[in-house]
Amino acid sequence: MNIPFLSFDAVNRQIKTEITRAFETVFDDAWYIMGKQLTAFEQEYAAFNKVQHAIGISNGLDALHIALKAVGVGAGDEVIVPSHTYIATALAVSYVGATPVFVEPDPLTYNIDVTKIEAAISSRTKAIMPVHLYGQACNMEAIEKIAAKHQLTIIEDNAQAHGATWNQKITGSWGHINATSFYPGKNLGALGDAGAVTTNDAALAARASMLRNYGSVKKYHHELIGYNQRLDELQAAFLRVKLNYLQEWTLQRQSIAAQYNELLKDVGDLVLPAVAPEATHVYHLYVIRTAQRDALQTYLQQQGIGTLIHYPIPVHLQEAYQSLGYAKGSFPLAETIASTCLSLPVWPGMSTGEVEQVAQKIRSFF
Ligand SMILES: *Cc1c(COP(=O)(O)O)cnc(C)c1O
């Protein structure tokens, strides 16, 4: 039996009737942009994320960009980002004309190493963008302290961690303004591109809301040089359906991770995910590490098991970022993780038998 890296079969079966009804509602209302579904989703997502304001955005990268724009980060500024992340975090910084300054990950959790942030702060630093990578919350208390001391803005990249917490406080509610993605494969995923910003600051919410819609509140009156980065009614309606299942699906991800933890302990040189005692992990990805990563991935592929690498090339070594002047060795920890990490299949509805089969093949490889 083949096991893909990700399957929507189970969740799609679960929600098909409701999704079809949501489609019909929007179709019949014949109002497709900036309508009732968006407003309702924004309220529901804000309630879920325990913030005053959520603003639907076209996708996660645009949400990061709008968050940076809303707080006024711009040309000549520096923004601290993790060296081990998806490129979107850095791209958003580049979009506003600022420079991403990379900080190495914590070797256990893979999230930004809070003990190394201060050394990266300069007189140009304006913001810190922690990424709750793979679904585990960053040490937000430490980041808050550093940000307060140096008067920096915090923008969380919460694309991978809907519902995760640090000391019981939910990710996406710590920073001044935060961004998330509802890309289909994310823990809360639309049926296309989607994202949001979240904040407790009414002024930032108003700015973000204007920026995503042509810099305008009143039609044909434009206060800012804005964008067309709206979340459409269909995606908002679909997300409303799926948000109701998010908690259940997160518990399933966590239970799959617990099974992997049990079945893969003491196997070869495998390093399993480590969760900080103050953090919860919502397992957007279940990432293991081994020196034999490429051979293991090839073996699993031959056995019909899909895996992915998040991410094979660190941002500082991407061709797009050659101009920053980094080379191999600039961020050794990010480079080591990139060459040893492997993401195993995990999705809501994945059966115990499927998890056992993946684990059994990994054991047989070693
Ligand atoms: C997915 C992701 C994004 C970007 O989201 P899109 O909706 O694909 O634009 C940003 N940051 C991280 C960490 C992500 O995983």
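Because the structure is predicted, anything quoted here is derived from the model rather than measured. (Residues numbered from 1 in each chain as written. Predicted model: local features only at pLDDT ≥ 70, side-chain atom pairs only at ≥ 80, totals over all residues. Heavy atoms only, no water.)

## Describing the packing of helix α2 (residues 36–48) against helix α7 (residues 233–243)
One can describe the packing of α2 onto α7 by two numbers: an axis separation of 8 Å at closest approach and a directional angle of 35°. Handedness of the crossing formed by α2 with α7: left-handed. The residues of α7 that touch α2, namely those facing Lys36, Gln37, Leu38, Ala40, Phe41, Glu44, Tyr45 and Phe48, are Glu233, Ala236, Ala237, Leu239, Arg240 and Leu243. For the contact of α2 with α7, a count of residues per class yields nine nonpolar, one polar and four charged. (Axes fitted to C-alpha atoms, helices over the stretch in contact; angles between N-to-C directions. Helix = DSSP H or I, 4+ residues; strand = E, 2+ residues; numbered from the N terminus. Left-handed = near helix turned anticlockwise from the far one by under 90°. Contact = heavy atoms within 4.5 Å. Nonpolar A, V, L, I, M, F, W, Y, C, P; charged D, E, K, R; others polar.)

## A few points about the site of the ligand
Close to the ligand lie 14 residues; Gly60, Asp157, Gln160, Ser181 and Lys186 are nearest. For the ligand, an oxygen atom lies 2.9 Å from a polar atom in the backbone of Leu61. One nitrogen or oxygen atom from the side chain of Gln160 is found 2.8 Å from an oxygen atom belonging to the ligand. For the ligand, whose accessible area on its own is 380 Å², the fraction buried by protein is 91%. Using a 2 Å cut-off from the grid points, one finds that the ligand occupies the largest pocket. Examining the composition of the shell around the ligand, we find that three residues originate from one element, helix α3 (residues 60–71), more than from any other. Within the shell around the ligand, the residues separate by chemical class into eight nonpolar, four polar and two charged. (Near = heavy atom within 4 Å. Polar contact = N/O pair within 3.5 Å; in protein donor to acceptor, adjacent residues only side chain to side chain. Areas by Shrake-Rupley, 256 points an atom, 1.4 Å probe, with all protein chains shown as cover. 1 Å grid on protein atoms, 1.4 Å probe; cavity = no way out; pocket = protein on both sides within 12 Å on 5 of 7 lines; lining within 4 Å. Sits in = over half its atoms within 2 Å of the grid points.)

## Examining the sheet that holds strand β5 (residues 153–154)
With parallel pairing, the four strands of this open sheet are ordered in space as β3-β2-β4-β5. Edge strands, defined here as strands with exactly one partner in the open sheet, are β3 (99–103) and β5. Here strand β2 (residues 78–82) runs beside β3; their pairing, made up of five bridges, is parallel. Within the sheet, the bridge partner assigned to Glu78 lies in β3 and is Thr99. (Pairing = 2+ DSSP bridges.)

## Considerations on the layout of surface pockets
A probe matching the size of a water molecule, rolled over the atoms, marks out where space remains unfilled. In this model, the largest pocket occupies a volume close to 580 Å³. Counting residues per element, the ones that place at least two in the lining of the largest pocket are α3, α4 (88–95) and β8 (178–181). Taken together, the residues that form the lining of the largest pocket break down as 18 nonpolar, 10 polar and four charged. Approximately 310 Å³ is the volume found for the second largest pocket. In terms of lining, the second largest pocket is formed by 16 residues, of which the most central are Met34, Asn213, Ser216, Val217 and Lys219. Its residues assigned to classes, the lining of the second largest pocket comprises eight nonpolar, four polar and four charged. (Points joined across faces, edges and corners; volume = space filled by probe spheres on them.)

## A look at the sheet that holds β8
Strands sit in the order β1-β9-β8 across an open sheet of three strands; the sheet is antiparallel. Looking at strand neighbours, the two that pair on one side only are β1 (53–57) and β8, the edges of this open sheet. Strand-to-strand twist of the sheet, defined as the mean angle between neighbouring strand axes without regard to direction, takes the value 25°. Contacts from α3 reach β1, β8 and β9 (195–199), with the element oriented near 170° to β8. Contacts between helix α6 (residues 202–211) and the sheet are confined to β1 and β9, with β1 contributing the most and set at about 15° to the helix.

## Some words on the packing of aromatic side chains
Applying the stated criterion to the full structure yields 15 aromatic pairs. Look at Tyr299 and Phe365: their rings are 5.5 Å apart centre to centre, the planes differ by 50°, and that puts the pair in the tilted class. Placement of Tyr299 in helix α9 (residues 293–302) and of Phe365 in helix α11 (residues 352–365) is noted, with a sequence separation of 66 residues between them. Accessibility expressed as a relative area gives 21% for Tyr299, which makes it partly exposed. An aromatic cluster is built from Phe41, Tyr45, Phe48 and Phe182, whose rings are joined through pairwise contacts. In this structure, Lys169 packs its charged tip against the face of Trp174, placed 4.5 Å from the ring centre. (Phe/Tyr/Trp six-rings, centres within 6.5 Å; stacked < 30°, edge-to-face > 60°. Buried < 20%, exposed > 50% of the residue type's maximum accessible area, 1.4 Å probe, protein only. Lys NZ or Arg CZ within 6 Å of the ring centre and 35° of its normal.)

## Points about α6
Those residues of α6 that fall on the buried side of the exposure criterion are Leu204, Ala205, Ala208, Met210 and Leu211. In this structure, the buried residues of α6 make contact with β1, α3 and β9. One side-chain oxygen of the residue at the start of α6 lies 2.9 Å from the amide nitrogen of Ala203, identifying that residue as Asp201.

## A closer look at the side chain of Thr171
Counting through the fold element by element, Thr171 comes out in the loop between β7 (169–170) and β8. Looking at Thr171, its side chain comes within polar contact range of the main-chain oxygen of Ala161, at 3.0 Å. The residues contacting Thr171, other than those within four sequence positions of it, are Asn49, His132, Ala137, Glu156, Asn158, Ala161, Gly163, Ala164 and Thr165.

## Here we look at the side chain of Asp157
With respect to the helices and strands, the residue Asp157 is situated in the loop between β5 and β6 (165–166). Despite its burial, Asp157 pairs with no opposite charge, the nearest such side chain being Lys186 at 6.9 Å. Discounting residues that sit within four places of it in the chain, Asp157 has contacts with Leu64, Thr89, Pro130, Val131, His132 and Ala179. (Lys, Arg positive; Asp, Glu negative; His and termini not counted. Salt bridge = Lys/Arg side-chain N within 4 Å of Asp/Glu carboxyl O.)

## Digging into the environment of Val11
Summarising the element assignment, Val11 is placed in helix α1 (residues 9–29). With a relative accessible area of 6%, Val11 lands in the buried category. C-alpha of Val11 to C-alpha of Thr250: the two residues are 239 residues apart in sequence and 12 Å apart in space.

## Notes on unusual backbone geometry
Note the cis peptide between His310 and Tyr311, where omega equals 10°. Mapped onto the fold, Tyr311 is located in the loop between α9 and α10 (332–340). In this model, Tyr214 sits at a positive phi of 60°, which is unusual for a non-glycine residue. Inspection of the secondary structure puts Tyr214 in the loop between α6 and α7. For Tyr214, a relative accessible area of 41% gives the class partly exposed. Look at Asp266: it is not a glycine, yet its phi comes out positive at around 60°. Relative to the helices and strands, Asp266 is located in the loop between α8 (246–263) and β10 (286–289).

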